[in-house]
Amino acid sequence: MKIALIGYGKMGKELEKVALSRGHEIVCIIDINNQDDFESEAFRSADVAIEFTNPMVAYSNYIRTFKAGVKLVSGSTGWMAEHGDEIKELCEKEGKTLFWSSNFSLGVAIFSAVNKYLAKIMNQFPAYDVTMSETHHIHKLDAPSGTAITLAEGILENLDRKSHWVKEEAATTDELPIHSIREGEVFGIHTVRYDSAADSISITHDAKNRGGFALGAILAAEYTAGKQGYLGMSDLFPFLADEPSKPSSK
Ligand SMILES: NC(=O)C1=CN([C@@H]2O[C@H](COP(=O)(O)OP(=O)(O)OC[C@H]3O[C@@H](n4cnc5c(N)ncnc54)[C@H](OP(=O)(O)O)[C@@H]3O)[C@@H](O)[C@H]2O)C=CC1
Ligand SMILES: O=C(O)C1=N[C@H](C(=O)O)C[C@H](O)C1
């Protein structure tokens with residue numbers, strides 16, 4: 001498959017390694033210094049472009065990729081609150097294609113499914129209150145992390161006593177607090193913790209390197225080449241939506 005990379009930083013370089021190891025060809029690399037290449041033949045020839053840049057430029061990269069008629073996979077975080085609805089509409093109503101995930105690692109896909117199921121169970125156990133924390137390297141521009149926001153959304157959809165997430169401290173019992181820590185070169189640690197007076201239950205995903213994010217993004221690119229629309233990890237792994245059994249609310 002022909003792949004174009006947009007952004008050649010920590011993730012761009014990791015993606016290049018994994019793509020080549022799976023027999024793909026990198027036909028174009030766009031970084032901050034060669035923006036004209038969005039109009040190049042090489043870029044247009046790509047089966048899929050993969051974008052990992054930053055919250056400020058991701059949206060304009062998506063629009064330029066759509067204009068070039070190239071399908072897109074992106075892991076950039078921090079753009080969704082401002083532009084999410086417009087980008088989804090371009091995919092759902094105007095034939096554009098974006099596969100986006102706040103975290104491409106297979107471990108986080110599994111963790112997300114467990115997180116939603118645990119939240120549903122906790123409807124039966126009001127003595128437990130839930131908090132979240134995420135730790136990342138000091139270069140990270142956004143907080144909370146995109147993954148933390150996705151995990152929080154998974155809790156809010158399933159745990160009736162929480163209505164919205166907040167940064168750091170909860171002021172009311174319906175708020176779900178997310179604590180963000182920036183430390184050294186940490187690849188990404190996410191913890192969801194339920195606390196009662198008697199005990200606590202924590203689930204944690206701890207990335208050991210960036211290889212897992214890159215592998216997931218390349219698997220997503222292989223999937224996206226033959227698809228259209230707004231796609232995500234639930235399209236790539238639909239079986240993760242199947243629960244072992246649904247706890248009854250009675
Ligand atoms: N979904 C997931 O699984 C993951 C998501 N991420 C997210 O991916 C993004 C990138 O992470 P990471 O690779 O670590 O960040 P880096 O800062 O290491 O890399 C980003 C690169 O994009 C370049 N860049 C800046 N502006 C543009 C532009 N307009 N067009 C093309 N390239 C540009 C930067 O250049 P310069 O340095 O010169 O500005 C830099 O080389 C972040 O939003 C992060 O949160 C990260 C890991 C996993
Ligand atoms: O910036 C990073 O490094 C990461 N960003 C993503 C996020 O915001 O959740 C995914 C991963 O945790 C690494």
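Residues numbered from 1 in each chain as written. Chains lettered and ligands numbered in written order. Predicted model: local features only at pLDDT ≥ 70, side-chain atom pairs only at ≥ 80, totals over all residues. Heavy atoms only, no water.

1. Structural notes on the packing of aromatic side chains
Move 1: Scanning all chains against the criterion turns up seven aromatic pairs.
Move 2: Their ring planes at 50° and their centres at 6.0 Å tell us that Phe-52 and Phe-104 sit as a pair that is tilted. Here Phe-52 is found in the loop between β3 (48–51) and α3 (58–67), whereas its partner Phe-104 is found in the loop between β5 (97–100) and α5 (106–122), with 52 residues between them in sequence.
Move 3: The buried category is assigned to Phe-52, whose relative accessible area is 13%. (Phe/Tyr/Trp six-rings, centres within 6.5 Å; stacked < 30°, edge-to-face > 60°. Helix = DSSP H or I, 4+ residues; strand = E, 2+ residues; numbered from the N terminus. Buried < 20%, exposed > 50% of the residue type's maximum accessible area, 1.4 Å probe, protein only.)

2. Remarks on a nonpolar patch on the surface
Move 1: On the surface, Met-56, Val-57 and Leu-141 cluster together into a nonpolar patch covering about 310 Å² of accessible area.
Move 2: According to the relative accessible area criterion, Met-56 is exposed, its value standing at 62%. (Patch = residues over 30% accessible without salt bridge, like charges linked within 9 Å, V, L, I, M, F, W, Y side chains within 5 Å. Areas by Shrake-Rupley, 256 points an atom, 1.4 Å probe, with all protein chains shown as cover. Salt bridge = Lys/Arg side-chain N within 4 Å of Asp/Glu carboxyl O.)

3. Some words on the site of ligand 2
Move 1: Close to ligand 2 lie 13 residues, the nearest being His-136, His-137, Lys-140, Gly-146 and Thr-147.
Move 2: Here an oxygen atom of ligand 2 and a backbone polar atom of Gly-146 are 2.9 Å apart.
Move 3: For ligand 2, an oxygen atom lies 2.4 Å from a polar atom in the side chain of Thr-147.
Move 4: Calculation on ligand 2 without its partners gives an accessible area of 320 Å², and the protein chains cover 85% of this total.
Move 5: Because more than half of its atoms lie within 2 Å of the grid, ligand 2 is assigned to the second largest pocket.
Move 6: Within the shell around ligand 2, the residues separate by chemical class into two nonpolar, nine polar and two charged.
Move 7: Both domains that furnish three or more residues to the shell around ligand 2 are identified here as domain 1 (2–104 + 211–240) and domain 2 (106–206). (Near = heavy atom within 4 Å. Polar contact = N/O pair within 3.5 Å; in protein donor to acceptor, adjacent residues only side chain to side chain. 1 Å grid on protein atoms, 1.4 Å probe; cavity = no way out; pocket = protein on both sides within 12 Å on 5 of 7 lines; lining within 4 Å. Sits in = over half its atoms within 2 Å of the grid points. Nonpolar A, V, L, I, M, F, W, Y, C, P; charged D, E, K, R; others polar. Domains from an automatic or database assignment.)

4. Side note on the site of ligand 1
Move 1: Residues in close proximity to ligand 1 total 24 residues, the closest being Lys-10, Met-11, Gln-35, Thr-77 and Phe-104.
Move 2: Within the backbone of Met-11, one N or O atom sits 2.8 Å away from an oxygen atom of ligand 1.
Move 3: Residue Ser-102 places a main-chain N or O atom 3.0 Å away from a nitrogen atom belonging to ligand 1.
Move 4: Coverage of ligand 1 by the protein chains reaches 78% of its 920 Å² of free accessible surface.
Move 5: Comparing atom positions with the cavity grids shows ligand 1 to sit within the second largest pocket.
Move 6: Grouping the constituent residues of the shell around ligand 1 by class yields nine nonpolar, twelve polar and three charged.

5. Observations regarding the UniProt feature "domain: Dihydrodipicolinate reductase N-terminal" (unreviewed entry) in the chain
Move 1: Under the feature "domain: Dihydrodipicolinate reductase N-terminal" (unreviewed entry), the UniProt entry names residues 1–104.
Move 2: Secondary structure content for residues 1–104 is 38% helix and 22% strand, while the C-alpha to C-alpha distance between its ends is 19 Å. (UniProt positions renumbered as here; feature names shortened; annotations may be inferred.)

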